Amino acid sequence: PLTAEINARGHLTIGGCDVVELVAQFGSPLYILDEFTFRTACRQYQDTLQQTYGGEFLVLYASKAWNCLATCALAHSEGLGIDVASGGELYTALSAGVPASHIYFHGNNKSPQELLYALEVNCTIVADNWLELERLAAYAEEHDLSTPPRVMLRLTPGIECHTHEYIRTGHLDSKFGFDPQQFPELLQFAKAHPELDWVGLHAHIGSQIFEEQPHLDLCDVLVDWLAQAREAMLPMRELNVGGGLGIRYVESDNPPAIAHWTKAISHQLSQACQQRHLPLPKLICEPGRSIVGPAAVTAYTVGSRKVIPELRTYIAVDGGMSDNPRPITYQAQYTALCANRMTTAATETVRVAGKHCESGDILLSQVTLPPLQANDILVVTSTGAYNYSMASNYNRVPRPAAVVVCEGEANLILQRETYADLVAHDVLPLRLSTPAP
Ligand code: LLP
């Protein structure tokens, strides 16, 4: 889906911009976000729902995948709402001009300050536990609110899916959401607290999922809860099926297309509601990875080479686990290209290492590329999701810059951090800043 081509110089272009020139202009490493791919994914979700779902719907961009002003503004400009998972993500979405009415606030341990912030700006709060419900109810009772806070209930659906165990969230032994066995008590609580607007139900089963069946099962489970709520005289009007659609990182990955996945969910939910004679709820989904993941690449500059005879060749680049912690965290696999040698045959199999003081800082454990030399530009693809958003300053490496590219134009969206930025929040106590006697 990336608008990638090869130009007359044999260089990779994205969004009509020569990647080698982008690195020369904006520095290395560099995140490059392809606006067209991002927008296309947003449209595929919305168009499919428009064509296949008879009721109202809303697509939320799960901004945890890459939360910054530009990504929030892009999603908003496509008509998407924003899923935020902290006060900081909420602040960023609001600063990008997203109205609170289009923001849904998640989290299994929102602090009192975060809850207060959410209540003040009046976004939808996806309640995750009893403590939160009690705090919300107490707040609403104490304050004379003109509009009751919008609250959704997140439940753990007990659905297993095949993905890395760290990113599975739907199974019962999960830190997220209410135990569905407590649903009757939750409904009682909701009825006892009409000062809160009980908007609907939410569940999320995990991330980087390729099978459709778990989400179809989830639709059935959600509709079943919706029916129970109705029977208890609590008509809720929104169902949020979460996110989780996987993307292709390497050739062997075969995720369903966005349109296919969305259509399947839309049909399943409609059918389940019909069978139970329920009016169609507003269908909400909140994809992150499938919107922004394929839309960005990371460009690195090749540095040192270490050849271990008869064993392996290591090629080191000028970034690593600080800008992409996914390989070391989840054994995630990626695909790489040499942006300045796109017409050279790939003949050398190497291991691409990062620059950090950590043996596990390997970006690609084995990849076949054109023979690389120092100063070549190595591009790792599909790095839009959970790269920048999980980046760190390990080894005090400044975070890279990011640009958005479209139709031959590149615009900076994140400034490269400087060494001064790195110490900007450091405090040197006076006692330590005076020379030793
Ligand atoms: N909604 C909720 C409540 C979530 O927890 C998540 C992701 C999403 C939506 C978006 O899921 P997506 O469409 O992006 O799969 N850091 C991990 C992924 C963590 C996912 C966390 N929750 C990784 O790099 O693979």
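Quick caveat: nothing in here was measured; it's all calculated off a predicted structure. (Residues numbered from 1 in each chain as written. Predicted model: local features only at pLDDT ≥ 70, side-chain atom pairs only at ≥ 80, totals over all residues.)

### Side note on the site of the ligand
So the rule is basically this: Using a C-beta atom placed from the backbone, a residue is scored as near a molecule or strand whenever that atom is within 6 Å of it. Helix and strand assignments follow DSSP, with helices taken as H or I runs no shorter than four residues and strands as E runs no shorter than two, numbered in order from the N terminus. Note on residue categories: nonpolar means Ala, Val, Leu, Ile, Met, Phe, Trp, Tyr, Cys or Pro, charged means Asp, Glu, Lys or Arg, and polar means any other residue, Gly included. Domain limits in this description derive from either an automatic procedure or a database domain assignment.
Every one of the 23 residues lining the ligand counts as a neighbour, but Ala62, Ser207, Gly243, Gly288 and Tyr386 are closest to it. Mapped by element, the contributors of at least two residues to the shell around the ligand are helix H10 (289-292) and helix H11 (326-330). Looking at the shell around the ligand residue by residue, the classes come out as eight nonpolar, ten polar and five charged. Of the residues that make up the shell around the ligand, three or more belong to each of domain 1 (4-33 + 296-423) and domain 2 (53-287).

### Brief notes about the UniProt feature "active site" (unreviewed entry) in the protein chain
Formally: UniProt positions are given in the numbering used here, feature names are shortened, and annotations may be inferred rather than shown by experiment.
Sequence positions flagged by UniProt for "active site" (unreviewed entry) are, in local numbering, Cys357. Tracing the backbone shows Cys357 in the loop between strand S16 (348-353) and strand S17 (362-369).

### A few points about the UniProt feature "binding site: pyridoxal 5'-phosphate" (unreviewed entry) in the protein chain
Short version of the rule: Our exposure labels follow a C-beta count within 10 Å of each residue's own C-beta, placed from the backbone: buried means 20 or more other C-beta atoms, exposed means 12 or fewer, and partly exposed covers the counts in between. Any two residues are considered in contact once their C-beta atoms, placed from the backbone, lie within 7 Å.
As recorded in UniProt, the sites labelled "binding site: pyridoxal 5'-phosphate" (unreviewed entry) are Gly244, Glu286, Pro287, Gly288, Arg289 and Tyr386. Tracing the backbone shows Gly288 in the loop between strand S12 (282-285) and H10. Judged by C-beta crowding, with 26 C-beta atoms within 10 Å, Gly288 ranks as buried. Not counting residues within four places of it along the chain, the set of residues in contact with Gly288 comprises Tyr61, Ala62, Lys64, Ala65, Gly243 and Ala385. Examined against the element boundaries, Tyr386 turns out to sit in the loop between strand S18 (377-380) and strand S19 (401-406). With sequence-adjacent residues up to four places away left out, Tyr386 is seen in contact with Ala65 and Arg326.

### Comments concerning the sheet that holds strand S1 (residues 4-6)
To be explicit about the condition: Pairing between strands requires that DSSP locate at least two bridges from one strand to the other.
With antiparallel pairing, the three strands of this open sheet are ordered in space as S1-S2-S3. Of all strands in the sheet, those with a lone pairing partner are S1 and strand S3 (17-18), marking the two edges. Relative to S3, strand S2 (residues 12-14) runs antiparallel, the two sharing two bridges. Opposite Ile14, over in S3, you have Cys17 as the bridge partner.

### Thoughts on the sheet that holds strand S5 (residues 57-62)
Note the following rule: Axis angles are defined between N-to-C directions and span 0 to 180 degrees, where every axis is a line fitted to C-alpha atoms and, for a helix, only to the segment in contact.
Around the barrel, which closes on itself, the eight strands sit in the order S5-S6-S7-S8-S9-S10-S11-S12 with parallel pairing between neighbours. Pairwise comparison of adjacent strand axes, ignoring direction, gives a mean angle of 25 degrees for this sheet. Sheet strands in contact with helix H4 (residues 87-95) are strand S6 (81-84) and strand S7 (103-105), and its direction is about 160 degrees off that of S6.

### A look at the environment of Ala203
Inspection of the secondary structure puts Ala203 in the loop between strand S10 (197-202) and helix H8 (213-231). Of the residues examined, Ala203 has 27 C-beta atoms within 10 Å and is grouped as buried. Each C-alpha atom, one on Ala203 and one on Pro400, is 34 Å from the other, the two residues being 197 residues apart in sequence.

### A closer look at unusual backbone geometry
Going from Ser28 to Pro29, the amide bond is cis rather than trans, its omega being -5 degrees. Assignment of secondary structure puts Pro29 in the loop between helix H1 (19-26) and strand S4 (30-34). With a phi close to 60 degrees, Glu310 is a non-glycine residue in the positive phi region. Looking at the secondary structure, you find Glu310 in the loop between strand S13 (296-308) and strand S14 (312-317). Even without glycine at this site, Tyr386 takes up a positive phi of about 55 degrees.

### A look at the nonpolar core
Basically, it comes down to this: Under the definition applied here, buried Ala, Val, Leu, Ile, Met, Phe, Trp, Tyr and Cys residues are grouped into a nonpolar core through C-beta atoms within 7 Å.
One finds Val19, Ile32, Leu222, Ala299, Leu378, Val379 and Val403 to be the most contacted residues of the largest nonpolar core, which totals 126 residues. Element by element, the count of residues in this core is highest for H8, at eight residues. A domain split of this core shows at least three residues from each of domain 1 (4-33 + 296-423) and domain 2 (53-287). Setting aside chain neighbours within four positions, we find Val403 in contact with Leu22, Phe26, Leu30, Ile32, Leu33, Ala410, Asn411, Leu412 and Ile413.

### Concerning the packing of H8 against helix H9 (residues 258-275)
Going by this rule: When describing relative orientation, an angle under 35 degrees is termed roughly parallel and one over 145 degrees roughly antiparallel, while 65 to 115 degrees is termed roughly perpendicular and anything else oblique. Crossing handedness: left-handed means the near helix sits turned counterclockwise from the far one by under a right angle, and right-handed means the same turn made clockwise.
At a minimum axis separation of 9 Å, H8 and H9 run at an interaxial angle of 30 degrees. Here H9 runs roughly parallel to H8, going by the angle between their axes. For H8 against H9, the interelement crossing comes out right-handed. Where H8 abuts H9, its residues His215, Leu216, Cys219, Asp220 and Val223 lie against Ala264, Ile265, Gln268, Leu269, Ala272 and Cys273.

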